[in-house]
Amino acid sequence: MDVEEFFNQLNAGETNFTGVNLRGACLIRSDLRDINLSGSDLRNADLTDVDLARVNLMGANLSGAILLNANLEYAILTGADLSGADLDGTNFENADLSNTNLRNAIIGNVRDAILCNTIMPNGRIINDGCGRG
């Protein structure tokens, strides 16, 4: 699926984009709230200023993606790969980062996120949020 087809389906009310390939896509300032992108390939995608509130990104590959100032409030990122992603200024309030790989990512504040078996940028595994959520 190309970006144009993705937006056409999104604008038509589609919410299930499980396994979609949007590798390298430019989605700057898009409203992607409440959709399912689980298992999707978003490697190296530009998601700057994108609203991803309550999005299911379980198992998604976002390695190398740019999520500057993105909103991931209440997003499900369980098992997602965010290695090398730029997450500076991203809102992680109540986001589930359990089993997520953040190795070598640029991140700001994740203290309001659920961190359980989460690989941090420095490779350290955090389990502070296990049982929360």
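1. Looking at the overall build of the protein
- The secondary structure content of the protein amounts to one helix and four strands.
- The C-alpha atoms of the protein give a radius of gyration of 14 Å, which matches the 14 Å a tight globule of 133 residues would have.
- With the principal axes as the frame, the protein shows a C-alpha extent of 40 × 25 × 20 Å.
- The buried share among the 133 residues of the protein stands at 44%.
- For the protein, the proportion of contacts with a sequence separation of at least 24, taken over those separated by at least 6, is 2%.
- In the form shown here, the protein has an accessible surface area of approximately 6300 Å², with 42% of it arising from carbon and sulfur atoms.
- Positive and negative side-chain charges in the protein, numbering 9 and 18 respectively, have mean positions lying 7 Å apart.

2. Quick look at the state of the cysteines
- Summed over all chains, the structure comprises one disulfide.
- At a sulfur-sulfur separation of 2.0 Å, the disulfide partner of Cys 116 is Cys 130. An S-S torsion of about 100° defines the bridge between Cys 116 and Cys 130 as right-handed. In this pair, Cys 116 is assigned in the loop between β2 (106-107) and β3 (118-119) and Cys 130 in the segment after β4 (125-126), connecting sequence segments 14 residues apart.
- On the basis of relative accessible area, Cys 130 is assigned to the partly exposed category, the value being 38%.

3. Structural notes on the packing of aromatic side chains
- Taken as a whole and judged by the stated rule, the model has two aromatic pairs.
- Summarising the aromatic geometry, the rings of Phe 6 and Phe 7 are spaced 5.3 Å apart at their centres and angled 70° between planes, so their arrangement reads as edge-to-face.
- Grouping aromatic residues by their ring pairs yields a cluster made of Phe 6, Phe 7 and Phe 17.

4. With respect to the nonpolar core
- By size, the foremost hydrophobic cluster in this structure holds 39 residues, and its most contacted members are Leu 62, Leu 67 and Leu 77.
- If we ignore the near neighbours within four places in the chain, the residues touching Leu 77 are Leu 57, Leu 62, Leu 72, Leu 82, Ala 95, Asp 96, Leu 97, Ser 98 and Thr 100.

5. Remarks on the environment of Leu 115
- With respect to the element layout, Leu 115 can be found in the loop between β2 and β3.
- What makes Leu 115 buried here is its relative accessible area of 10%.
- In this structure, the C-alpha to C-alpha distance between Leu 115 and Ala 95, residues 20 residues apart in sequence, is 8.8 Å.
- Discounting residues that sit within four places of it in the chain, Leu 115 has contacts with Leu 97, Val 110, Ile 126, Asn 127, Asp 128, Gly 129 and Cys 130.

Basis of the calculations
Along each chain, residue indices are assigned from 1 in the same order as the chain's sequence is written. Per-residue local features of the predicted model are confined to residues with pLDDT of at least 70, and side-chain atom pairs are confined, for both listing and counting, to 80 or more; whole-chain, interface and lining totals are unaffected and use all residues. Hydrogens are left out, water is left out, and the side-chain values use all remaining heavy atoms of the structure. Helical segments are the DSSP runs of H or I of at least four residues, strand segments are the runs of E of at least two, and each set is numbered from the N terminus. We compute the radius of gyration from the C-alpha atoms alone; for a globule the expected value is 2.2 Å times N to the 0.38, where N is the number of residues. Partly exposed describes any residue whose relative accessible area lies between the buried limit of under 20% and the exposed limit of over 50%, with all areas from a 1.4 Å probe on protein chains only and scaled to the type maximum. Residues count as neighbours in contact if any of their non-hydrogen atoms are within 4.5 Å of one another. With residues, only the protein chains shown are counted as cover, and all accessible areas are computed by Shrake-Rupley using a 1.4 Å probe. A positive count includes Lys and Arg, and a negative count includes Asp and Glu. His and the chain ends are not counted in either. In plain terms, the charge of a residue is placed at NZ if it is Lys, CZ if Arg, CG if Asp and CD if Glu. Here, two cysteine sulfur atoms that lie within 2.5 Å of each other are counted as a disulfide. Note on aromatic pairs: the rings of Phe, Tyr and Trp (six-membered ring only in Trp) are paired at centre separations within 6.5 Å, and the planes decide the class, stacked below 30 degrees, edge-to-face beyond 60, tilted for the rest. Among the buried residues, those of types Ala, Val, Leu, Ile, Met, Phe, Trp, Tyr and Cys that are joined through side-chain atoms within 4.5 Å form a nonpolar core.

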